[in-house]
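Given next are the chains, with one letter for each unit.
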Amino acid sequence: MEKQIRSGASQLIEGFCSFLRKCIYSIISIGPIPKHIAFIMDGNRRYAKCHNLEEGSGHRAGFSALTKMLKYCYELNVKCITIYAFSIDNFKRRPEEVQSTMNLIQEKIESLIEEEGIVNHYGVKVNFIGDLSLLTEPVKLAAERAMIATSCNSRAVLSICIAYTSTNEIVRAVEKSCIAKRDGEFSSSIDVADVDRRMYMAVADDPDIIIRTSGETRLSNFLMWQSAYTLLYSPRVLWPDIGFWHLASSIMDFQRNFAYLEKKRRQSL
Ligand SMILES: CC(C)=CCC/C(C)=C/CC/C(C)=C/COP(=O)(O)OP(=O)(O)O
């Protein structure tokens, strides 16, 4: 009986929160809605430490926070989300830590594409961005399966940067441009557009907002080529504690700066 009352109460609270969110969405939607938001999910290990949990539980809490944020973004009609899941530099962490994070990532990739999961619910196409050859075989296979399983989805896009750094992406794109020029694909000198179209991230427009939690204002080698006119938003919370209000205030910040950022973007063309 007590259990039923508790589940009834939590359904009521969830229903009320969902109603409140919808009210806020209609207010926010009066202004421009970002097309692309990127997340640097910083602070999972610190969260685990603060709550006396094992490191892995911090990343698990981080993944729950990620599904919540994806739901809010897709509800708000933000079409494109990019996340920094694992950088090339993260491979320098303790081998056991790298292995357990990879195991978790593999498990979560599989759960992302489950029938009743968020990806199918919102019709999301999943891309994996980075040097996938650095991944363990099971993670690489899970990533490939997820890309194939979602390749026909077209309502939204989720790009998961894994084994990724901007410098690696830029060097690779420049190398590919040089090879294309050498092979006679074009005769003019290499320009920004040539490199741009050979970036992993050519699958999406540049991000409108990058949200990095834990109060850090560095990009840490994430989307550096793509973020010249991007608003950087750095709430002080650790990633697992990020909530709807952080997303809403980042969008309001974007809307306040929209005209200026658009002008700068246009001037650069
Ligand atoms: C399928 C899929 C997308 C899975 C994602 C799983 C996930 C949440 C990975 C995050 C990994 C990571 C390196 C987080 C940064 O926190 P940190 O370890 O740098 O923590 P710290 O800043 O407290 O040191």
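Under an unreviewed UniProt entry, the name given to the chain is Alkyl transferase, and the source organism is Castilleja foliolosa. The UniProt entry for the chain carries the following text under Sequence similarities (unreviewed entry): "Belongs to the UPP synthase family."

S.K.: Go over the nonpolar core, please, and point to the residues and values.
M.R.: Most often, soluble globular proteins keep nonpolar side chains buried together rather than apart. Residues I37, F39, I81, F128, L158 and L247 are the most contacted members of the largest nonpolar core, which totals 53 residues. For this core, the element with the highest residue contribution is helix α3 (residues 55–75), accounting for 8 residues. Other than its neighbours up to four places away in sequence, I81 contacts H36, I37, F39, L70, C73, Y74, V157, L158 and S159. Formed by 13 residues, the second largest nonpolar core is a distinct cluster that contains C161, Y164, Y200 and M201.

S.K.: Kindly report on the packing of aromatic side chains, identifying the contributing residues and their values.
M.R.: Summed over all chains, the structure comprises 10 aromatic pairs. Geometrically, the ring pair formed by Y25 and F244 is edge-to-face, given 5.7 Å between the ring centres and 75° between the ring planes. In this pair, Y25 sits in helix α1 (residues 2–28) while F244 sits in helix α9 (residues 244–267), placing the two residues 219 residues apart along the sequence. We note that Y25, like F244, is buried. Considering the side-chain rings of Y72 and F244, the 5.4 Å spacing of their centres and the 80° angle between planes classify their relative orientation as edge-to-face. One end of the pair, Y72, is in helix α3; the other, F244, is in helix α9, with 172 residues separating them in the sequence.

S.K.: Quick rundown of the pairing of strand β3 (residues 124–129)? Include the residues and the values.
M.R.: Of all the 6 residues making up β3, 5 are buried; the element is thus mostly covered by neighbouring parts of the structure. Two elements, β3 and strand β4 (residues 156–164), share 6 bridges in a ladder whose sense is parallel. For V124, the partnering residue across the bridge sits in β4 and is A156.

S.K.: Mind laying out the site of the ligand, listing which residues take part and the relevant values?
M.R.: The local shell around the ligand holds 17 residues, among which M41, D42, R45, R46 and R93 are the closest. In the environment of the ligand, an oxygen atom lies 3.1 Å from a nitrogen or oxygen atom belonging to the backbone of G43. R93 places a polar side-chain atom, nitrogen or oxygen, 2.8 Å from an oxygen atom of the ligand. Protein coverage of the free-state accessible area of the ligand, which is 620 Å², stands at 93%. Looking at the shell around the ligand, the elements with two or more residues in it are α2 (44–50), α3, β2 (80–87) and α4 (95–112). With 4 residues, the top contributor of residues to the shell around the ligand is α3. The residue makeup of the shell around the ligand, split by class, is 7 nonpolar, 5 polar and 5 charged.

S.K.: Please give an account of the sheet that holds strand β6 (residues 231–233) that cites residues and values.
M.R.: Backbone-to-backbone hydrogen bonds pair the strands of a sheet. The strands run either parallel or antiparallel. The 6 strands are arranged β3-β4-β2-β1-β5-β6 in an open sheet whose pairing can be described as parallel. In this open sheet, the two edge strands, each paired with only one partner strand, are β3 and β6. Direction aside, the axes of adjacent strands within the sheet are offset by 20° on average. In the sheet, β2 pairs with β4 via 7 bridges, with the strands oriented parallel. Residue pairing across strands places I81 opposite L158, the latter belonging to β4. Strands in contact with helix α6 (residues 137–149) are β3 and β4; relative to β3, the strand with the most contacts, it is inclined by about 145°.

S.K.: Requested: an account of the side chain of D194, with residues and values cited.
M.R.: Residue position: D194 is located in helix α8 (residues 192–196). Classification of D194 as buried rests on a relative accessible area of 7%. At 2.9 Å, the side chain of D194 forms a polar contact with the backbone nitrogen of D191. In terms of polar contacts, D194 uses its side chain to reach the side chain of R197, at 3.0 Å. If we skip the residues at most four places from it in the chain, D194 touches S177, F186 and S189.

S.K.: Describe in detail the pattern of salt bridges, supporting the description with residues and values.
M.R.: According to the stated counting rule, one finds 21 salt bridges in the structure shown. In this structure, R45 engages E97 in a salt bridge whose closest nitrogen and oxygen atoms are separated by 3.0 Å. With R45 in helix α2 and E97 in helix α4, this pair connects stretches of sequence that are 52 residues apart. Given a relative accessible area of 5%, E97 falls into the buried group. Linking D253 and R256 is a salt bridge whose minimum nitrogen-to-oxygen distance equals 3.4 Å. Pair noted here: D253 and R256 are both in helix α9, with a separation of 3 residues, about one helical turn. For R256, a relative accessible area of 63% translates into the label exposed. Here the salt bridges do not stand alone but share partners, grouping R45, E55, R93, R94, E96 and E97 into one network.

The rules behind these values
- Residues numbered from 1 in each chain as written.
- Predicted model: local features only at pLDDT ≥ 70, side-chain atom pairs only at ≥ 80, totals over all residues.
- Heavy atoms only, no water.
- UniProt positions renumbered as here; feature names shortened; annotations may be inferred.
- Core = buried A, V, L, I, M, F, W, Y, C linked by side-chain atoms within 4.5 Å.
- Buried < 20%, exposed > 50% of the residue type's maximum accessible area, 1.4 Å probe, protein only.
- Helix = DSSP H or I, 4+ residues; strand = E, 2+ residues; numbered from the N terminus.
- Contact = heavy atoms within 4.5 Å.
- Phe/Tyr/Trp six-rings, centres within 6.5 Å; stacked < 30°, edge-to-face > 60°.
- Pairing = 2+ DSSP bridges.
- Near = heavy atom within 4 Å.
- Polar contact = N/O pair within 3.5 Å; in protein donor to acceptor, adjacent residues only side chain to side chain.
- Areas by Shrake-Rupley, 256 points an atom, 1.4 Å probe, with all protein chains shown as cover.
- Nonpolar A, V, L, I, M, F, W, Y, C, P; charged D, E, K, R; others polar.
- Axes fitted to C-alpha atoms, helices over the stretch in contact; angles between N-to-C directions.
- Salt bridge = Lys/Arg side-chain N within 4 Å of Asp/Glu carboxyl O.

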